[in-house]
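Chain residues, written in single-letter form:
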Amino acid sequence: MTQAGETAAERPPLFGFIRNPQDFFGALALVVFSVIAYWASSDLPGMHGIQFGPGTAPRLFIGLLIFVSLGIMLHAVIVTGPKLERFAIRGPLFVTAAVFVFAATIRSLGLIPSSFLLVVVSSMATPEMRWLETIVWGAILAAFCAVLFPYALNLPMPLWPGY
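Let me sum up the structure you'll find in this document.

The rules behind each value
Residues numbered from 1 in each chain as written. Predicted model: local features only at pLDDT ≥ 70, side-chain atom pairs only at ≥ 80, totals over all residues. Heavy atoms only, no water. Helix = DSSP H or I, 4+ residues; strand = E, 2+ residues; numbered from the N terminus. Buried < 20%, exposed > 50% of the residue type's maximum accessible area, 1.4 Å probe, protein only. Contact = heavy atoms within 4.5 Å. Areas by Shrake-Rupley, 256 points an atom, 1.4 Å probe, with all protein chains shown as cover. Patch = residues over 30% accessible without salt bridge, like charges linked within 9 Å, V, L, I, M, F, W, Y side chains within 5 Å. Salt bridge = Lys/Arg side-chain N within 4 Å of Asp/Glu carboxyl O. Axes fitted to C-alpha atoms, helices over the stretch in contact; angles between N-to-C directions. Left-handed = near helix turned anticlockwise from the far one by under 90°. Nonpolar A, V, L, I, M, F, W, Y, C, P; charged D, E, K, R; others polar. Phe/Tyr/Trp six-rings, centres within 6.5 Å; stacked < 30°, edge-to-face > 60°. Polar contact = N/O pair within 3.5 Å; in protein donor to acceptor, adjacent residues only side chain to side chain.

**Notes on the overall build of the chain**
Phase 1 of the analysis: From N to C terminus, the chain includes five helices and zero strands.
Phase 2 of the analysis: Secondary structure elements in the chain, listed N-terminal to C-terminal, are α-α-α-α-α.
Phase 3 of the analysis: The 163 residues of the chain split such that 25% are buried.
Phase 4 of the analysis: In the chain, the share of contacts with a sequence separation of at least 24, taken over all contacts with a separation of at least 6, comes to 59%.
Phase 5 of the analysis: Put simply, the chain shows about 11,500 Å² of open surface, and 74% of that area lies on carbon and sulfur atoms.

**Looking at a nonpolar patch on the surface**
Phase 1 of the analysis: The grouping of L28, V32, I36 and W39 at the surface amounts to a nonpolar patch, some 430 Å² of accessible area in total.
Phase 2 of the analysis: Note on placement: V32 falls in helix α1 (residues 21-40).
Phase 3 of the analysis: You can call V32 partly exposed: its relative accessible area is 46%.

**Concerning the pattern of salt bridges**
Phase 1 of the analysis: One pass over the structure, following the stated rule, counts one salt bridge.
Phase 2 of the analysis: Salt-bridge contacts for E133 lead to R130; the nearest nitrogen and oxygen are separated by 2.7 Å.
Phase 3 of the analysis: Residue E133 is classed as partly exposed on the basis of its relative accessible area of 47%.
Phase 4 of the analysis: A relative accessible area of 52% means that R130 is categorised as exposed.

**Comments concerning the packing of helix α4 (residues 111-123) against helix α5 (residues 131-152)**
Phase 1 of the analysis: In the contact formed by α4 and α5, the axes pass within 8 Å of each other and the chain directions differ by 145°. With respect to the hand of their crossing, α4 and α5 are arranged in right-handed fashion. Along the contact surface, α4 presents L111, I112, S115, F116, V119, V120 and S123, while α5 presents W131, T134, I135, W137, G138, A139, L141, A142, C145, A146, F149 and P150.
Phase 2 of the analysis: Taken together, the residues of the contact of α4 with α5 sort by class into 15 nonpolar, four polar and no charged.

**Thoughts on the packing of aromatic side chains**
Phase 1 of the analysis: In total, this model carries two aromatic pairs according to the counting rule given.
Phase 2 of the analysis: Consider the rings of F17 and F24, whose centres lie 6.3 Å apart with planes at 85°: the pair is edge-to-face.
Phase 3 of the analysis: Taking 5.3 Å as the distance between ring centres and 90° as the angle between the ring planes, the aromatic pair formed by F24 and F25 counts as edge-to-face.
Phase 4 of the analysis: Look at F25 and you get partly exposed, because its relative accessible area is 27%.
Phase 5 of the analysis: Cluster of aromatic residues (ring-pair linked, three or more members): F17, F24 and F25.

**Observations regarding the environment of S34**
Phase 1 of the analysis: Looking at where S34 falls in the secondary structure, it is placed in helix α1.
Phase 2 of the analysis: Through-space distance from the C-alpha of S34 to that of L64 is 9.5 Å; in sequence the pair is 30 residues apart.
Phase 3 of the analysis: One polar contact links the side chain of S34 to the main-chain carbonyl oxygen of L30, over a distance of 2.8 Å.

What follows is the structure, encoded as structure tokens:
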């Protein structure tokens, strides 16, 4: 436990060797994510001679992410940094829920209502959410998507239910 006037340099290392637990455990989470991504892409074929396969780029990026994460973990062992803070579940929960709501409604409701719902649900991730600003921003984003995807990018997307 840290005392009120104690600085990070005076705090004893976590587990005897981790001097920057916030960076260490963040990087550890990225390593775990990378291992899961590698497992998920394991059935994709890789390189054949000099030709890239569909699994080549994901494995390259996974390898880079692991390399960078291990570097951050090493830095966290050497350099003193901030202690672990409380983890808030509200933000990740509502952002993930917004993605699921969008995925569940895009085919049945169309692009405009789905993108509006995406903004509304994801805005609940913060306690500072204001309804008027959220509705205005949702309408602006839905209008932008309605122009961008079917017209500017020429993607066949239904804008409304039954459209």
